Amino acid sequence: MNFELTLNPTIEIKADIELIIVVNKDLKHSFVQDRKLLKKAGFLAGQNETSLLVSKDRIYVGVDSLSSVNIRTAIATAIRALTSTTYRTLKIASYMNHEKCTALLRAMVEGFILGAYSFNRYKSKKVKQPIKEITISLEEYHGYKLNIEKCATALNKGQITAEATNFTRDIVNTTPEDCYPKVMADIAEELAEESSLECKILKPKELRAEKMETLLAVARSSRHKPRVIHLSHKPQNPKAIITLVGKGLTYDSGGLSLKPSASMVTMKLDKSGGCAVLGIMKAVEEMGLNVEVHGFIGAVENMIGGDAYKPDDVLVAKNGKTIEIRNTDAEGRLVLADVLCYAQQEVKADYIFDYATLTGASVVAVGHYTSSVVGNSDKPKDLIISGAKSSGELATKLDFNSYLKQSLSSEIADICNISSSRYGGAITAGQFLEEFIDDDHKDKWAHIDIAGPAFVEHVWGENPHGASGAGVRMTLRLLEKLAKD
Ligand code: BES
Ligand code: ZN
Ligand code: ZN
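Turning to the coordination of the zinc ion (ligand 3), a few remarks are in order. By definition of the ideal shapes, a tetrahedral metal site with four donors has angles of 109.5 degrees and an octahedral site with six donors has angles of 90 or 180 degrees. Within the protein, the zinc ion (ligand 3) binds to Lys247 (NZ), Asp252 (OD), Asp270 (OD) and Glu331 (OE); these donor distances fall in the range 1.9 to 2.5 Å. Each of the six donor atoms bound to the zinc ion (ligand 3) contributes to angles spanning 76 to 174 degrees, and the resulting shape is octahedral. Between the donor residues of the zinc ion (ligand 3), the gaps in sequence give the motif K-x4-D-x17-D-x60-E. Between the zinc ion (ligand 3) and the zinc ion (ligand 2), a separation of 3.2 Å is found, and both are coordinated by aspartate 252. One end of the pair, lysine 247, is in strand S9 (residues 241-252); the other, glutamate 331, is in the loop between strand S12 (322-324) and helix H10 (332-346), with 84 residues separating them in the sequence. Taking the relative accessible area as the measure of exposure, glutamate 331 reaches 0% and is therefore buried.

Take a look at the structure:
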């Protein structure tokens, strides 16, 4: 999909179809040129409601107001509505009428690219998005003077952000037969070959040397050997040093504490945290952000077999803490424990964020569309929350408390890998991870449980059926902010 910015008014732009956004309260006004036809078609300009007027070569979409979130989802819905048409080129006005206008332009571009996404790898008949060229008119709108350079930057950032999100979606949607730890490592190496990113891959021999025994235990019964991936982006005088850690469970069967059949379906999603880190690293490099960013991914498959780790085992994590295993399905936290320790050993960061489809309890607590954010300190959590707000992703804080922490205590080891209570699982999972954050990083760390939004089996807003790329957009906004400060 190519974008062009022009100062010409839409009327002077040649395109197969025009996309027109209507704020629902404006529908009755005379400046809505097709309002009689739209009335006939029953169009009320509700948020994300579309009406395609083929005879006019115009598609209308409604919004509640001209906010970034509304524009992004409306554009995504409209571009989806054109999927089976033969229109190739599209024009649209910029709808910018205040100083935050470039945010609207970025939202628009993201809406087009995110909405046009489809995962075709396993379809004999590929769904192709027909629209190839989009021209956005930057003619003065409501008298507001536009800064063309800022508009071009917003367009570029929107493109990079949305393409990185789609890149993440593609990897998550790939089956466990085609995407296993070595494949994730190959993807990281390929990213580094094509860019200025550095890449280091740790294979089982190196993982043993690093004493990452809990990660190795989870990986043991799979025919696919684990990998730890370290990608880095190192500008010369960075404004900050940031570490990102991702859970990359290329499949989670639950292990010997086997998941029920229905819960196992979709568990290819369990690599979403790691895939988000891959997408973020790609975009950070393409944007050339002036922050040093390290992405660590624990890529592992959790399977059953004669050599599987078991409930009743006691494992020793990289930092020496002993863990009583009472459920092998709580494997993500074991992988993250070792990777968090390794990441902190390798990099002294200003902030450390980890991304994981860690608990079903997070989905119970906050629903399918929202990530839950935990940690010891408000600063890193608030950074993520505000990144999410400006990106269109949803994230909310859950607070730690000392009573829940007690439910992780073990009679025979330093800590247990599951809580003794069936409630508060998203918080206790975070409190388990806290045990593997060293004192220097305690107030610099936040854990983002993306189990809700990472993979949803229906279309929602700008997200498709399946992988959404959760975590990518919120983190890019956060990193862009840190790069400016
Ligand atoms: N990968 C799952 C969590 C998950 C569940 C992600 C549903 C997305 C959707 C994780 O490894 C897991 O199985 N967690 C257990 C923890 C429990 C055993 C304490 C869970 O949530 O049931
Ligand atoms: Zn699990
Ligand atoms: Zn898992």
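What follows continues from the structure just given.
Attention now moves to the coordination of the zinc ion (ligand 2). The coordination sphere of the zinc ion (ligand 2), as far as protein atoms go, consists of Asp252 (OD), Asp329 (O), Asp329 (OD) and Glu331 (OE), spread over 2.0 to 2.2 Å. Bound by six donor atoms, the zinc ion (ligand 2) shows angles of 71 to 167 degrees at the metal and therefore irregular coordination geometry. In terms of primary sequence, the donors binding the zinc ion (ligand 2) are separated according to D-x76-D-x1-E.

Before going further, it helps to spend a moment on the packing of aromatic side chains. For any pair of aromatic rings, the description rests on two quantities: the centre-to-centre distance and the angle between the ring planes. Across all of its chains, the model carries eight aromatic pairs by this definition. Ring plane angle 65 degrees and centroid distance 5.8 Å describe the contact between phenylalanine 119 and tyrosine 122, whose orientation is recorded as edge-to-face. With relative accessibility at 41%, the residue tyrosine 122 sits in the partly exposed group. Ring geometry for phenylalanine 432 against phenylalanine 436: centres 5.2 Å apart, planes inclined by 45 degrees, an arrangement best described as tilted. The class for phenylalanine 436 is buried, based on a relative accessible area of 2%. The residue whose ring lies beneath arginine 169 is tyrosine 117, and the NZ or CZ to ring-centre distance is 5.2 Å.

Time to look at unusual backbone geometry. In this structure, threonine 266 is a non-glycine residue whose phi angle is positive, near 90 degrees. Note that threonine 266 resides in the loop between helix H8 (261-264) and helix H9 (272-287).

The biggest cluster of nonpolar side chains holds 60 residues, and the ones touching the most others in it are Leu231, Leu244, Leu278, Phe353 and Leu479. It is H9 that provides the largest number of residues to this core, a total of nine residues. If near-sequence neighbours (up to four positions away) are discounted, phenylalanine 353 is found in contact with Ile242, Thr243, Leu244, Val245, Pro380, Leu383, Ile384, Ala446, Ile448 and Leu478. In terms of nonpolar packing, the next biggest core, distinct from the first, is built from 47 residues, Leu19, Val23, Ala74 and Ala116 among them.

Mapped onto the fold, serine 372 is located in strand S14 (residues 370-374). Side-chain polar atoms of serine 372 contact the side chain of serine 362, separated by 2.8 Å. When residues no more than four places from it in sequence are discounted, the contact partners of serine 372 are Ser362, Val366, Thr396, Leu398, Ala426, His447, Ile448 and Asp449.

By the assigned domains, the chain splits into domain 1 (2-146) and domain 2 (170-484). Taken over C-alpha atoms, the centre of domain 1 sits 36 Å from the centre of domain 2. Facing 13 residues of domain 1, the contacting portion of domain 2 comprises 17 residues. Buried surface at the junction of domain 1 and domain 2, summed over both partners, amounts to about 1,300 Å²; 49% is from carbon and sulfur atoms. Looking only at domain 1, the three residues that lose the most surface to domain 2 are Arg80, Arg106 and Tyr117, adding up to 37% of its buried area. Applying the counting rule to domain 1 against domain 2 returns three salt bridges. The salt bridge involving glutamate 110 is made with arginine 477; its shortest N-O contact spans 3.6 Å.

Definitions and limits used
- Here the residue numbering is sequential within each chain, running from 1 through the sequence in written order.
- Whichever chain is written first becomes A and whichever ligand is written first becomes 1, with later ones labelled in order.
- Totals for whole chains, interfaces and linings use every residue, but because this is a predicted model, local features are given only for residues with pLDDT of at least 70 and side-chain atom pairs only at 80 or more, for both listing and counting.
- Excluded from the side-chain calculation are hydrogens and water; included are all heavy atoms of the structure.
- A donor here means any N, O or S atom no more than 2.8 Å from the metal (3.2 Å for Na, K and Ca); water is not included, so a site may seem to lack partners.
- Working rule for geometry: tetrahedral if four donors all subtend angles between 85 and 135 degrees; square planar for four, octahedral for six, if opposite donors exceed 155 degrees and the others stay between 65 and 115; irregular in every other situation.
- Only DSSP runs of H or I covering at least 4 residues are called helices, and only runs of E covering at least 2 are called strands; the numbering of each starts at the N terminus.
- Classification of residues uses two cut-offs on accessible area relative to the type maximum, computed with a 1.4 Å probe and protein chains only: under 20% is buried, over 50% is exposed, and between them is partly exposed.
- Between 30 and 60 degrees the pair is tilted, below 30 it is stacked and above 60 it is edge-to-face, where a pair is any two Phe, Tyr or Trp rings, Trp via its six-membered ring, whose centres lie within 6.5 Å.
- Here, a charge over a ring is recorded when the distance from Lys NZ or Arg CZ to the ring centre is within 6 Å and its angle to the ring normal is within 35 degrees.
- Put simply, buried Ala, Val, Leu, Ile, Met, Phe, Trp, Tyr and Cys residues joined by side-chain atoms within 4.5 Å make one nonpolar core.
- Residues are treated as being in contact if the distance between any of their heavy atoms lies within 4.5 Å.
- Polar contacts, as used here, are pairs of N or O atoms within 3.5 Å; protein pairs need one atom able to donate a hydrogen and one able to accept it. Residues neighboring in sequence count only if both atoms are side-chain atoms.
- What fixes the domain bounds is an automatic or database domain assignment.
- Throughout, buried area stands for the accessible area (probe radius 1.4 Å) lost by two parts on being put together, summed over both.
- By definition, a salt bridge exists where a carboxyl oxygen of Asp or Glu is found within 4 Å of a side-chain nitrogen of Lys or Arg.

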